[in-house]
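# Remarks on the overall topology
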Amino acid sequence: MERSCLWYIRNLNFFPQLTEAQQMDLAASSKMIPSRRGHKLNVATTAGGNAYLIKEGHVRLLRAAEGREVAVDLLGPGDVLGLTPILTEDSDADHAEVLDDVLFCRVPARILRELLEATPGLALHFSKQQGLRRKTIELRLIDIAFCTVKVRIARLLAELAKKFGEDHPKGRKIGLKLTQREIAEMVGSNREAANRATLGLVDAGAIEFEGKNIVIVNSDKLAHEAQWDRPWQNVS
């Protein structure tokens with residue numbers, strides 16, 4: 001069944017502060033945009049004129065760091081891409097890359113600004129979200145500077161399990177298929193080093209592979225490898 005933009009706005013709770021009439025006006029001003037894996041958006045320019053509500057699929061935010069491109073955050077259904085330029089005229093990252101096939105709802109920045117001005121509670125809601133996202137990015141860059149690749153990957157997997165995890169008979173499956181190259185880019189490493197570190201987590205009994213998915217089979221062991229006490233509680 002093909003779902004409308006209004007259905008997604010309501011059911012993914014993008015804008016919890018909006019009235020029924022505001023939701024309908026927002027949906028009428030929006031456009032459904034499918035995007036294929038690998039497509040990139042220039043966040044600093046494209047998102048300055050539009051915001052993108054992620055209805056289906058996943059997107060990663062990329063930023064240049066230490067001479068390579070690093071994926072500093074992952075966004076999924078219910079997240080909004082391009083809010084930072086609207087709120088602060090700044091940017092979350094340099095680019096956003098579609099990680100798997102995505103369905104966006106594109107909203108003109110002008111419409112969102114009008115809603116934010118009319119609904120102070122919504123502006124506060126998004127400001128808190130953007131603050132948490134900025135903290136995530138800062139911590140990721142600090143980890144790249146000071147932690148080993150194995151620690152970075154353990155922390156990344158704990159974060160992904162919390163954000164995109166699904167119950168699994170052996171523990172918690174990350175509901176997102178990632179290549180070794182994508183994992184490496186998310187921890188600021190090369191693919192060979194990331195592969196060795198990931199296999200080290202397998203040998204340690206912390207994770208297992210199920211096809212292209214990763215299953216956290218022992219959270220205590222993953223916490224030890226991440227140098228945390230409890231990985232699910234240490235990810236903001």
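What you see is a predicted model, and the numbers here were worked out from it, not measured in a lab. (Residues numbered from 1 in each chain as written. Predicted model: local features only at pLDDT ≥ 70, side-chain atom pairs only at ≥ 80, totals over all residues. Heavy atoms only, no water.)

In this sheet, strand β10 (residues 171–174) lies alongside strand β9 (residues 165–168) in antiparallel orientation, the contact comprising 4 bridges. Opposite H168, over in β10, you have G171 as the bridge partner. (Pairing = 2+ DSSP bridges. Helix = DSSP H or I, 4+ residues; strand = E, 2+ residues; numbered from the N terminus.)

A few words on the confidence of the model for the protein. In the predicted model, the protein carries a mean pLDDT of 81, and 87% of its residues have values of at least 70. Across the protein, helix α9 (residues 191–203) holds the top mean pLDDT of 93, while helix α3 (residues 46–49) sits lowest at 58. The low-confidence segment residues 230–236 (pLDDT under 50) makes 18 contacts with residues lying over four places distant or belonging to another chain. (pLDDT = per-residue confidence, 0-100. Contact = heavy atoms within 4.5 Å.)

It is worth spelling out helix α5 (residues 109–118) at this point. Buried within α5 we find A109, I111, L112, L115 and L116. In a view along the axis of α5, the buried residues occupy a sector of 160 degrees, so they form one face of it. Summarising the geometry of α5, the exposed residues directed more than 90 degrees from the buried face are R110, E117 and A118. (Buried < 20%, exposed > 50% of the residue type's maximum accessible area, 1.4 Å probe, protein only. Arc of directions from axis to C-beta.)

With the rule as written, the count across this model stands at 14 salt bridges. The shortest N-O distance in the salt bridge between E97 and R60 comes to 2.6 Å. Taken together, the residues E97 in strand β7 (residues 95–98) and R60 in strand β4 (residues 59–65) connect sequence positions 37 residues apart. Like R60, E97 is buried. Ionic pairing is found between D167 and R172, a salt bridge with its closest N-O pair at 3.1 Å. For D167, a relative accessible area of 71% translates into the label exposed. Several salt bridges share partner residues, and in doing so they unite R60, E97, R181 and E185 into one network. (Salt bridge = Lys/Arg side-chain N within 4 Å of Asp/Glu carboxyl O.)

So, about the packing of aromatic side chains. Summed over all chains, the structure comprises 1 aromatic pair. On the numbers, 5.2 Å between centres and 70 degrees between planes, the contact of Y52 with F104 is edge-to-face. Here Y52, found in strand β3 (residues 50–56), pairs with F104, found in strand β8 (residues 102–108); they are 52 residues apart in sequence, far enough to count as distant. The pair formed by Y52 and F104 is uniform in burial state, with each residue classed as buried. (Phe/Tyr/Trp six-rings, centres within 6.5 Å; stacked < 30°, edge-to-face > 60°.)

Further remarks concern the sheet that holds strand β12 (residues 213–216). Ordered in space as β9-β10-β12-β11, the 4 strands form an open sheet in which the pairing is antiparallel. Strand pairing shows two members of the sheet lacking a second neighbour, β9 and β11 (207–210), which therefore form its edges. Averaged over all pairs of adjacent strands, the angle between strand axes in this sheet comes to 35 degrees, irrespective of strand direction. (Axes fitted to C-alpha atoms, helices over the stretch in contact; angles between N-to-C directions.)

Along the chain, the position of T119 falls in the loop between α5 and α6 (120–146). In terms of polar contacts, T119 uses its side chain to reach the side chain of Q22, at 3.4 Å. (Polar contact = N/O pair within 3.5 Å; in protein donor to acceptor, adjacent residues only side chain to side chain.)

What follows is about the sheet that holds strand β1 (residues 31–35). Ordered by their spatial adjacency, 4 strands build an open sheet running β1-β8-β3-β6, and the pairing between neighbours is antiparallel. Lying at the two open borders of the sheet, with one neighbouring strand each, are β1 and β6 (80–81).

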